[in-house]
Amino acid sequence: MTRAIAALLLALSLVVLNESAARAEPAATPTPSTSEPNAASFAGLQSPEQRSDRFSAYSLPKHMVSIEAGALGVSGQELYGRIGVAYGFGHGLQLDANLLHWSVGLFDLNLRWNFLDTPHFALAATVGGVYGHGAWMWILTPAAEKLVADSDFVAFPIGVTASAPLTRWLQLDLPIEYQYSTYFGSIGKSDSTFYTKAQIGVRQFMVRPTVRVFVSDATALELGVKLPLFTQVPVERDSTLSIGNQTQSSSNSRYADVKFKDTWSLEGGVRSRLQPWLFATVRLHYGRVAKALYGAPLYPSFGLEFRL
Amino acid sequence: MRRRLPAWITLAFGLLIASAASAETAALAPGPSVATEAPPPPTPTKSLARFELLARVGYGASTGKVYGIELEPYGATFGVESGYTFANGLRLAAYLDFGLGRSVSQPYQTNGGTSFELTTKSSSVNAGASFGYDLWLHFLVLRYSLNLGFTSLSWDLGNTPGGALLEYAGQATQGSKLGFHVAPGLAVLWSIGPFECGLGFDYFAQIDDHIPSGFLGKLLLGVML
């Protein structure tokens, strides 16, 4: 993590270097090369170039690239940290991946199609794929790594997200997502593997209502809650059959239900535009998942996003 | 031996390219913002450049246990902060906080099954460098910050039998620990002439697992030079 922090510091120093260019004028928003059809007519953080695509139905405009660097996240695509790269292909299509996770044996790729984008309502469909190879997860503690070392998993999250920018200061979002996952190999006898604690390899159906309040053209407050309607995690059990003096042992894995109180989480944060191409976020997360990952039920995350 | 992929190099290289490209874009294409029916309220154009000397008064609470022990090394906190904000909002600062901490009584059971009432007393000193960004929020200044520094934790386990908390303290009943922290924070500031006041928070995410992470709410009072 200290290296990621060093990189963030480098990013800040680059901002200082850019100061000479930015000092002349408060730079205007770069004009996109192609206008998106039916783009929302709001400005500032609600404009197509600046609006958040996190838990919203919106995708990046055509040819726009987003590079995010963040740390201490708790949700699946932001777990521990994020070096996210996303690209807008136009027609509402966007592809993104978390390269930080790639470096620790979690390979994800997510496609979004913002197929409906009107000034006051938008819909998007999302589909993704995640492959995890336990033996490559060097970031885990030795004990946790040992538990998952002989396992692989694949997960396929699919979802639909609705966004409604009702006014210049209020936007409501509702992502609905189902994730299917399956495992190969052994995940050990523990019920608390990294997969289950982090909820990355679970079968889960959840909704995540989110409210965004735009307190200025450059700053928005965001409040969201993750409500998993059901969650199943893989568990491995030993069974022993004794007949006379013969004993036969075997192990099998199955999926077990997890209670709602162990899976829901709440987050509140602030997102601001620091420069027309640079955005900052600070969030606080509350939930069992934060406690499982970081030892405290209340935990922060932060990040910078470059949009080019 | 594990091989660690140099993700930080990838990130730094990407940011370097991104920063350079965006500077070029800003220079070549300062076009109007798009898709606006009516412009939002204008952002104040007053420069953010200033030097600040701030007093920090706050109260902090631990957000988790360490080795099954509840420690409260934050409590009432007093400190100072000094920094410079560039015209574009980037801010560099240094801070020093003293957390008086407080006592916590808690039931405790050793691995051997012995139960007793444990009273912990702890305090902390936090110091480091702060990297931040200021931006206008109407007449207020919104400050994002990322504090990187060290926490010195002093702990006292009172009359606990020596060795009872072997995992945390070894045979000692009091001692100290120095650890690295990362503390993202937010603050809102209001300037009145050369004076400034504000409210905010820092979350001290502790890297050393002997030191509990904590949430610190703070009041800022100071002068701008």
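Note that this is a predicted model, so its numbers are computed, not measured. (Residues numbered from 1 in each chain as written. Chains lettered and ligands numbered in written order. Predicted model: local features only at pLDDT ≥ 70, side-chain atom pairs only at ≥ 80, totals over all residues. Heavy atoms only, no water.)

A closer look at the overall build of chain B
Right, on to step 1. When its secondary structure is counted, chain B shows 2 helices and 9 strands.
Right, on to step 2. Of all 225 residues assigned to chain B, the portion counted as buried reaches 47%.
Right, on to step 3. Contacts spanning at least 24 positions in sequence make up 63% of the contacts within chain B whose residues lie at least 6 apart.
Right, on to step 4. Total accessible area on chain B is roughly 10,600 Å²; 66% of this is exposed by carbon and sulfur atoms. (Helix = DSSP H or I, 4+ residues; strand = E, 2+ residues; numbered from the N terminus. Buried < 20%, exposed > 50% of the residue type's maximum accessible area, 1.4 Å probe, protein only. Contact = heavy atoms within 4.5 Å. Areas by Shrake-Rupley, 256 points an atom, 1.4 Å probe, with all protein chains shown as cover.)

Details of the overall build of chain A
Right, on to step 1. Within chain A, the secondary structure is distributed over 5 helices and 14 strands.
Right, on to step 2. Going through the 308 residues of chain A one by one, you find that 56% of them count as buried.
Right, on to step 3. Considering only residue pairs separated by 6 or more positions, chain A has 58% of its internal contacts joining residues 24 or more positions apart.
Right, on to step 4. For chain A, the accessible area works out to roughly 12,800 Å², and carbon and sulfur atoms hold 64% of it.

Here's the deal with the confidence of the model for chain B
All names here are of chain B.
Right, on to step 1. Chain-level pLDDT for chain B is 81 on average; 78% of the residues reach the 70-or-more range.
Right, on to step 2. Confidence scores differ between elements of chain B, with helix α1 (residues 7–28) showing the lowest mean pLDDT of 43 and strand β3 (residues 90–99) the highest of 96.
Right, on to step 3. With pLDDT under 50 throughout, residues 1–6 is counted as low confidence; its partners more than four residues away or in other chains account for 7 contacts.
Right, on to step 4. The low-confidence segment residues 8–37, where pLDDT is below 50, has 47 contacts with residues more than four positions distant or belonging to other chains.
Right, on to step 5. Per the prediction output, this complex has pTM 0.78; the corresponding ipTM is 0.78. (pLDDT = per-residue confidence, 0-100.)

What to know about the nonpolar core
Right, on to step 1. Membership of the largest hydrophobic core comes to 48 residues, with the highest contact counts inside it found for A:F153, A:F194 and B:Y144.
Right, on to step 2. Not counting residues within four places of it along the chain, the set of residues in contact with A:F194 comprises A:L79, A:Y80, A:M137, A:L140, A:V148, A:I200 and A:L293.
Right, on to step 3. Membership of the second largest hydrophobic core comes to 13 residues, among which are B:I69, B:Y108, B:L118 and B:A169. (Core = buried A, V, L, I, M, F, W, Y, C linked by side-chain atoms within 4.5 Å.)

Quick word on the side chain of A:T219
Right, on to step 1. Note on placement: A:T219 falls in strand β10 (residues 219–243).
Right, on to step 2. The exposure class assigned to A:T219 is buried, which follows from its relative accessible area of 1%.
Right, on to step 3. A distance of 2.8 Å separates polar atoms of two side chains, one belonging to A:T219 and the other to A:S272.
Right, on to step 4. Look past the residues within four positions of A:T219 in its chain and what remains in contact with it is A:L45, A:V213, A:F214, A:V270, A:R271, A:S272, B:L135, B:L137 and B:L142. (Polar contact = N/O pair within 3.5 Å; in protein donor to acceptor, adjacent residues only side chain to side chain.)

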